[in-house]
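Structural overview
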Amino acid sequence: DTEVTQTPKHLVMGMTNKKSLKCEQHMGHRAMYWYKQKAKKPPELMFVYSYEKLSINESVPSRFSPECPNSSLLNLHLHALQPEDSALYLCASSQKSRPASSQSGDGYTFGSGTRLTVV
Amino acid sequence: QKEVEQDPGPLSVPEGAIVSLNCTYSNSAFQYFMWYRQYSRKGPELLMYTYSSGNKEDGRFTAQVDKSSKYISLFIRDSQPSDSATYLCAMSGAAGNKLTFGGGTRVLVKP
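A quick note: this is a predicted structure, and the numbers were derived from the prediction, not measured.

**Regarding empty space enclosed by the protein**
All names here are of chain A. In this structure the tally under the stated criterion is one cavity of 30 Å³ or more. One number sums up the size of the largest cavity: a volume of about 30 Å³. If you go around the largest cavity, the residues you meet are His29, Arg30, Ala31, Met32, Tyr49, Ser50, Tyr51, Glu52, Cys68 and Ser71. Of all elements in the fold, only strand E4 (31–37) and strand E5 (44–50) reach the threshold of two or more residues within the lining of the largest cavity.

Next up, the structure:
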């Protein structure tokens, strides 16, 4: 399995709702990431987990709360979001907080994303 | 000034032509260099990865890194309509735990 699986693919939520995005990988990668991508813009890093511990928080507002229950799963809990938070949320994983290596299957792999709309 | 600069395009080429993409950067600490392809409404797909300076070839794709000039390139030979996508360069420092992306170049390959 060389994929990062994200659910749901689409999510519409109100500003008072609480929802969660889920990400799963079974490549044995020990680093997992959340990125946010607005239309026609590159992805922007939000959080990095390394060996299930939060290692980087790019000054993300507290209405976004990440969680790494185990080495294969990464969640992003959402609460009281604003319409400007509407974006494609991408999960990624890599072997050891490294973006890629020469070994196959050891790369920095992105999921297909969750397209979030806040109304 | 952005850390990584990339021409947004669109770059339109006829089928079979060579597509030439490039990025410049300002942070001399970058050591890992990647190219991603992203189709509309999909996640980025890793195409090429290079560590430090040098060239790497994989099928129709060739990546070049010139650290002295802070310049990286991606060449796509025998381009196909299915290569139409946005191409993102990305790079990181030694820790490798944070990618800095260019803005992406939209490529259109016309049949």
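**Some words on the pattern of salt bridges**
All chains considered together, the criterion is met by eight salt bridges over all chains. Put simply, A:Glu58 and B:Lys98 hold a salt bridge, and the shortest N to O gap is 3.0 Å. Of this pair, A:Glu58 sits in the loop between strand E6 (53–57) and strand E7 (64–70) while B:Lys98 sits in the loop between strand E9 (85–92) and strand E10 (100–101), which puts the two residues in different chains. The partly exposed category is assigned to A:Glu58, whose relative accessible area is 32%.

**Thoughts on the layout of surface pockets**
The space that makes up the largest pocket amounts to roughly 1,000 Å³. Forming the boundary of the largest pocket are 41 residues, of which A:Gln37, A:Lys40, A:Lys41, A:Pro42 and B:Gly103 lie nearest the centre. Here the lining of the largest pocket gets four residues from one element, more than from any other, and that element is strand E11 (residues 105–110) of chain B. Looking at side-chain class alone, the lining of the largest pocket contains 16 nonpolar, twelve polar and 13 charged residues.

**Concerning the state of the cysteines**
Residue and element names in this part refer to chain A. Per the counting criterion, the structure on display carries two disulfides over all chains. The side chain of Cys23 participates in a disulfide bridge whose partner is Cys91; the two sulfur atoms lie 1.9 Å from each other. Judged by the sign of its S-S torsion, about -70°, the cystine formed by Cys23 and Cys91 is left-handed. Here Cys91 lies in strand E9 (residues 87–94) and Cys23 lies in strand E3 (residues 18–25), a separation of 68 residues in the sequence.

**A few points about unusual backbone geometry**
For the bond from A:Thr7 to A:Pro8, the omega torsion is -10°, close enough to zero to count as cis. Relative to the helices and strands, A:Pro8 is located in the loop between strand E1 (4–7) and strand E2 (10–13). The peptide bond linking B:Gly9 to B:Pro10 adopts the cis configuration, its omega dihedral lying at 10°. Along the polypeptide, B:Pro10 turns up in the loop between strand E1 (4–6) and strand E2 (11–14). Of note, the phi angle at B:Arg41 is positive, near 65°, even though the residue is not glycine. Take B:Arg41: it is sitting in the loop between strand E4 (32–38) and strand E5 (45–51). Its identity is not glycine, yet B:Lys70 carries a phi of approximately 55°, on the positive side. Relative to the elements of secondary structure, B:Lys70 occurs in the loop between strand E7 (61–66) and strand E8 (71–76). Residue classification places B:Lys70 among the partly exposed residues on the basis of a relative accessible area of 25%.

**Overview of the interface of chain B and chain A**
Accessible area lost upon the coming together of the parts serves often as the stated size of an interface. Counting residues at the interface gives 20 residues for chain B and 23 residues for chain A. Between chain B and chain A the total buried area reaches about 1,700 Å² when both faces are included, carbon and sulfur atoms providing 59% of it. The interface formed by chain B and chain A includes one salt bridge. Residue assignment for the side of chain B that touches chain A shows that the elements contributing at least two residues are E4, E5 and E9 of chain B. Among the elements that line the side of chain B that touches chain A, the one with the most residues is E4(B), at four residues. Its residues placed into classes, the side of chain B that touches chain A shows ten nonpolar, seven polar and three charged.

**Some details on the pairing of E5(A)**
Residue and element names in this part refer to chain A. Judged by how many residues are buried, E5 sits mostly within the fold: six of seven residues are covered. Note that E4 and E5 share six bridges and pair antiparallel. Following the sheet pairing, Tyr35 is matched in E5 by Leu45. Linkage of E4 to E5, two consecutive antiparallel strands, is achieved through a turn of six residues, within which Lys40 is found at a positive phi near 60°.

Calculation rules
- Residues numbered from 1 in each chain as written.
- Chains lettered and ligands numbered in written order.
- Predicted model: local features only at pLDDT ≥ 70, side-chain atom pairs only at ≥ 80, totals over all residues.
- Heavy atoms only, no water.
- 1 Å grid on protein atoms, 1.4 Å probe; cavity = no way out; pocket = protein on both sides within 12 Å on 5 of 7 lines; lining within 4 Å.
- Points joined across faces, edges and corners; volume = space filled by probe spheres on them.
- Helix = DSSP H or I, 4+ residues; strand = E, 2+ residues; numbered from the N terminus.
- Salt bridge = Lys/Arg side-chain N within 4 Å of Asp/Glu carboxyl O.
- Buried < 20%, exposed > 50% of the residue type's maximum accessible area, 1.4 Å probe, protein only.
- Nonpolar A, V, L, I, M, F, W, Y, C, P; charged D, E, K, R; others polar.
- Disulfide = S-S within 2.5 Å.
- Contact = heavy atoms within 4.5 Å.
- Buried area = accessible area lost by both parts, 1.4 Å probe.
- Pairing = 2+ DSSP bridges.

Honestly, that's just the spatial picture; any functional story needs more than this.
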